[in-house]
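Next come the chains, spelled out residue by residue.
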Amino acid sequence: MKELCIKNGTILTMDEAGTVIHDGMLWIEGSRITYCGPAKTESKPRSHWRRDLDARGGLIMPGLINGHTHAPMTLMRGLADDLPLDVWLSQHIFPAEKNLTPEAVYWGAMLACLEMIRSGTTSFCDMYLFAGQVAQAAHDAGLRAVVGEVLYDFDSPSYGKIENGLALTRELIAKLDSHPRLSAAVMPHALYTCSRSLMESAGAISAETGAALDIHLAENTGETVEVQKIWGARPLAVLEELGLVNQRLWINHGVDLNQAEIERLAAAGARVTHCPESNMKLANGVAPLPEMLSAGVKVCLGTDGCASNNDQDLFGEMASCAKLAKASRLDPTVAPAEAVVSLCTRRGAAAFGRPDDLGVLKPGALADVIVLDTNQPHLTPMYNPLSHLVYAARGGDVLHTVCHGKVLMAEGKVEAMDQEEVMAKAKEQARLLTGREVL
């Protein structure tokens, strides 16, 4: 197969050694990287290349990994801001979601995929209703994703009774089992919206299929109090009693975790997605990121949904992650730039269950690659590329986006979809969903 060549840039491999290759070149064959190293003067004949992308002297790095979002909630961006989590959910989000349709979910997810492509995200983990439509959007957009149907005890506009939701989850896991970019997980919403029987059934599906079990957990101290009233124990202790604390467990938020719980998660090989901007906006608190990293927990970074963030830009999330950790600890040395970037690359890949071939640039790795245009006033001068990625770069600096060897955006122009159509369809679905006019 002819190759894709990415050249004329500095390669940030994001490997364990922190290898940086100046004047680097990538060759991609099919979905894999076949060469990652210094530019070759004896490069293959032009006719051998399917296409080449010029990095223009910018940064070539792994595509970013978003460990937790609700992609279709782009349709609810700004719908109910400046509210506590319980009020936000019960009085605004859940009522709006009762009106959801497959069309709304598809176009909302396509809008999120468009935003992710433009801002350098190539992989995401998504929990939402009509998850099959989210999977279809990710497939059509060319992105890599883990998707799951959100499960809870009240009737769903997607599947109705919970028995149907559990069956749908099994079907989705089986359907996506052989997909090259997509997979499915078991996704109970939270312990305060899921009964014991639901959690036991979710755990059984996870154990039988090997799929991850993804859940909102310990999102704030108020949740902990509520879970203790319902279940008689702290959230992680409930999961422990249910036999769910293992390498398949994937926790979202993890704000109210104590040291013993952190060490238990690390020992179990469980995963945690840190969502600093959502946590700040909903005043949920500050997750113990330094302690989790020190203990060896598999931590990745997530944006959460656009109704509680309000964007899918992981560059902004990285800046918030680093600064929040420093400010909350009164210590400028915690959450250094390299560690934060790794949450969206190498460490994010470990959370995705692909520690060897995702989130890093090397021969044999999956060809998920982005290029940043560094010829910008806010990125000049550049002493430390990793520092700039966290403290100065923006999603809008992404020049090229490649996922699974396919060019999704080149020279800032999205090729994977019709941008104007996606935005128009999303606005139309937002009006139908909320009954409100949008600009």
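Refer to the preceding data block for the structure.
All figures in this text were calculated on a predicted structure; none of them were measured in a lab. (Residues numbered from 1 in each chain as written. Predicted model: local features only at pLDDT ≥ 70, side-chain atom pairs only at ≥ 80, totals over all residues. Heavy atoms only, no water.)

Chemist: Is there a simple way to think about unusual backbone geometry in this case?
Modeler: In most cases, non-glycine residues show a negative phi, while peptide bonds are predominantly trans. The residue after Thr380, namely Pro381, is reached through a cis peptide bond having omega -5°. Note on placement: Pro381 falls in the loop between β15 (369-372) and α14 (385-391). Not every positive phi belongs to a glycine, and Met14 is a case in point at roughly 60°. According to the relative accessible area criterion, Met14 is buried, its value standing at 5%. In the Ramachandran plot, Asp23 falls in the positive-phi region, its phi being about 50° despite a non-glycine side chain. Mapping Asp23 onto the fold places it in strand β2 (residues 20-29). Owing to a relative accessible area of 48%, Asp23 belongs among the partly exposed residues under this scheme. (Helix = DSSP H or I, 4+ residues; strand = E, 2+ residues; numbered from the N terminus. Buried < 20%, exposed > 50% of the residue type's maximum accessible area, 1.4 Å probe, protein only.)

Chemist: I would appreciate a short explanation of the pairing of strand β7 (residues 121-128) in the present structure.
Modeler: Summarising burial for β7: 8 of the 8 residues are buried, a large majority. Bridging between strand β6 (residues 64-69) and β7 involves 4 bridges; their strand directions are parallel. Looking at β7, one finds that Asn66 is bridged to Phe124. Sheet topology note: the β7/strand β8 (residues 144-151) ladder contains 6 bridges and is parallel. What sits directly across from Met127, in β8, is Gly148. For the segment spanning β7, helix α3 (residues 131-141) and β8, crossover handedness is right-handed. (Pairing = 2+ DSSP bridges. Right-handed = clockwise from strand over helix to strand, strands pointing away.)

Chemist: When you look at the packing of helix α4 (residues 162-175) against helix α5 (residues 196-209) in this model, what are you seeing that I'm missing?
Modeler: Packed helices, taken two at a time, are described by the angle between their axes plus the distance between the axes. In the contact formed by α4 and α5, the axes pass within 11 Å of each other and the chain directions differ by 15°. Taken together, the axes of α4 and α5 lie roughly parallel to each other. The two elements α4 and α5 cross, and the hand of that crossing is right-handed. When α4 is examined against α5, the residues Ile162, Leu166, Thr169, Arg170 and Ile173 are found in contact with a partner set consisting of Leu198, Ser201, Ala202, Ile205, Glu208 and Thr209. Here the residues of the contact of α4 with α5 sort into 6 nonpolar, 3 polar and 2 charged. (Axes fitted to C-alpha atoms, helices over the stretch in contact; angles between N-to-C directions. Parallel < 35°, antiparallel > 145°, perpendicular 65-115°, else oblique. Left-handed = near helix turned anticlockwise from the far one by under 90°. Contact = heavy atoms within 4.5 Å. Nonpolar A, V, L, I, M, F, W, Y, C, P; charged D, E, K, R; others polar.)

Chemist: Would you explain helix α6 (residues 221-231) in this entry?
Modeler: Because each turn of an α-helix spans 3.6 residues, side chains separated by three or four positions end up pointing in the same direction. Inspection of α6 places Glu223, Thr224, Val227 and Trp231 among the buried residues, and these make up the whole buried set. Down the axis of α6, the buried side of the element spans an arc of 100°, and every buried residue falls inside it. Structural note: α6 exposes Thr221 and Lys229 on the side pointing more than 90 degrees away from its buried face. Each element contacted by the buried residues of α6 is listed here: α5, β11 (213-217) and α7 (235-241). Two or three places before Gly222, at the start of α6, stands the capping residue Asn220, its side-chain oxygen 3.1 Å from that residue's backbone nitrogen. Among the residues trailing α6, Gly232 stands out with phi positive, at a value near 80°. (Arc of directions from axis to C-beta. Polar contact = N/O pair within 3.5 Å; in protein donor to acceptor, adjacent residues only side chain to side chain.)

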